[in-house]
Amino acid sequence: MKRSVLTRYRVMAFATAVMLLVLCTCMLFKYGFDKGADLTLVVSQVHGVLFMIYLVFAFDLSSKAKWPFGKMLWVMISGTIPLAAFFVERKVRAEVEPLVADDLATANA
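I will try to describe carefully the structure that is included in this document.

What counts, and at which threshold
Residues numbered from 1 in each chain as written. Predicted model: local features only at pLDDT ≥ 70, side-chain atom pairs only at ≥ 80, totals over all residues. Heavy atoms only, no water. Helix = DSSP H or I, 4+ residues; strand = E, 2+ residues; numbered from the N terminus. Contact = heavy atoms within 4.5 Å. Areas by Shrake-Rupley, 256 points an atom, 1.4 Å probe, with all protein chains shown as cover. Buried < 20%, exposed > 50% of the residue type's maximum accessible area, 1.4 Å probe, protein only. Arc of directions from axis to C-beta. Salt bridge = Lys/Arg side-chain N within 4 Å of Asp/Glu carboxyl O.

**A look at the overall build of the protein**
- What the protein contains, in helices and strands, is four helices and zero strands.
- In the protein, the succession of α and β elements from N to C terminus is α-α-α-α.
- Expressed as a percentage of contacts within the protein between residues at least 6 apart in sequence, the contacts between residues at least 24 apart total 72%.
- Accessible surface computed for the protein: about 6,800 Å², of which carbon and sulfur atoms make up 71%.

**Focus: helix α3 (residues 69–77)**
- Of the residues making up α3, those classed as buried are Met72, Val75 and Met76. Buried residues of α3, viewed axially, fall in a sector of 100°; they line one side.

**A few points about the pattern of salt bridges**
- With the rule as written, the count across this model stands at five salt bridges.
- In this structure, the salt-bridge partner of Arg3 is Glu97, at a minimum N-O distance of 3.3 Å. Of this pair, Arg3 sits in helix α1 (residues 3–33) while Glu97 sits in helix α4 (residues 84–108), placing them 94 residues apart in sequence.
- By relative accessible area, which is 24% here, Glu97 ends up partly exposed.

Below, the structure written as structure tokens:
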């Protein structure tokens, strides 16, 4: 597996997780303090687009890593749970790094 597959996933996991936290903060201000409705709309749309891209990259990574359906689904759903994507990304990176290293060693041999 190419390192770029893992890198794309990691970048999108981080971006999606950060935007989800920003969206949660905006929603807190919108519904709790009646402020920032316009900002919440923009942030929710940006997060939605980033999440769709994240799903594509997570699917790409899972198909190349040959994960079972349940694991792939968990990785995809983690982008909807605040803070979960940070922890899942770390676990995925630790699991996929050896596959990337093995592929590089095979290519160099």
